[in-house]
Amino acid sequence: MFDQERWFVPYFSIMAAGMGLVTLLNNRALHRFRARSVALGAGCLQICAAGTMLGLALSAGGRPHFVLWITIFSLANACMVAFFPLGQSLALEPMGEMAGTASAVLGFTMAMLGAGLAAIIDQAISGSVTPIGVGYLAYGTAALACQLFALHHQRTQAMAPRTGVEAG
């Protein structure tokens, strides 16, 4: 689509190095901020990057300038690299002794759902990166909505009065 075949390996090598750096920075951020705050920030930044991707694609007829596109694409992916381990650990936190089994179920579900959603976007790509921008924005927004719902549910549960006899 971009006629950049000879640069494929260098571009994606740079992206991979950037994602490795994000993983290290994510670790440092967790020493200063709560995991939920870092995850929420990564989710919000991913949506901003996805919105930018979509805007670039729409303004350029589906074929934005490659370097600008790959830079924003890399930022969106870096946000996902920052979010996913945190999101998974936060989701598994209440599972206690069942965390191993829950992790396997969550991993399988994420892989299957991700493959299905990616297939939808893949079918729409035809000489344009616009479907990628749409997918990143739509799926990122849905993920952030789930994250906010879980945060609201957790806060509601924490503020609910406890009734009955507690074991212990």
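Residues numbered from 1 in each chain as written. Predicted model: local features only at pLDDT ≥ 70, side-chain atom pairs only at ≥ 80, totals over all residues. Heavy atoms only, no water.

(A) Molecular detail of the pattern of salt bridges. A complete count under the given rule lists one salt bridge for this structure. We note a salt bridge from Glu93 to Arg36, for which the minimum N-O separation is 2.9 Å. Here Glu93, found in the loop between α3 (66-92) and α4 (99-124), pairs with Arg36, found in helix α2 (residues 35-59); they are 57 residues apart in sequence, far enough to count as distant. (Salt bridge = Lys/Arg side-chain N within 4 Å of Asp/Glu carboxyl O. Helix = DSSP H or I, 4+ residues; strand = E, 2+ residues; numbered from the N terminus.)

(B) Here's a closer look at the environment of Leu137. With respect to the helices and strands, Leu137 occurs in helix α5 (residues 130-159). The spacing of Leu137 and Leu56 is 81 residues in sequence and 13 Å in space, taken between C-alpha atoms. Once you skip the residues sitting within four places of it in the chain, Leu137 turns out to touch Ile47, Ala50, Gly51 and Leu54. (Contact = heavy atoms within 4.5 Å.)

(C) Inspection of α3 at higher detail. Taking 1.5 Å per residue, 27 residues should reach 39 Å; α3 reaches 39 Å between its end C-alpha atoms and fits that length. Most pronounced at Phe83, the bend in α3 amounts to some 30°, and the proline Pro85 follows within four residues. (Expected span 1.5 Å × (residues − 1). Bend = angle between axes of the 7 residues up to and from the residue.)

(D) Just the packing of aromatic side chains, in detail. Here the structure, examined in full by the defined rule, presents six aromatic pairs. Centre to centre, the rings of Trp69 and Phe73 are 6.4 Å apart; their planes meet at 20°, and the pair counts as stacked. Of this pair, Trp69 and Phe73 both sit in helix α3, separated by four residues, roughly a single helical turn. Summarising the burial analysis for this pair, Trp69 and Phe73 share the class buried. Their ring planes at 40° and their centres at 5.6 Å tell us that Phe73 and Tyr136 sit as a pair that is tilted. (Phe/Tyr/Trp six-rings, centres within 6.5 Å; stacked < 30°, edge-to-face > 60°. Buried < 20%, exposed > 50% of the residue type's maximum accessible area, 1.4 Å probe, protein only.)

(E) Layout of the environment of Phe108. Within the element layout of this structure, Phe108 appears in helix α4. When the C-alpha positions of Phe108 and Thr156 are compared, they lie 29 Å apart, and in sequence the two are 48 residues distant.

(F) The arrangement of the state of the cysteines in detail. This structure, assessed with the given rule, holds zero disulfides. Just so you know, Cys79 is unpaired, no disulfide at all, and the nearest cysteine sulfur is the one on Cys48, 8.6 Å from it. A residue is classified by how much of its surface remains accessible, and Cys79, at 5% relative accessible area, is buried. Of all cysteine sulfurs in the structure, the one in Cys44 sits closest to Cys146, which takes part in no disulfide; the separation is 14 Å. Accessibility expressed as a relative area gives 54% for Cys146, which makes it exposed. (Disulfide = S-S within 2.5 Å.)

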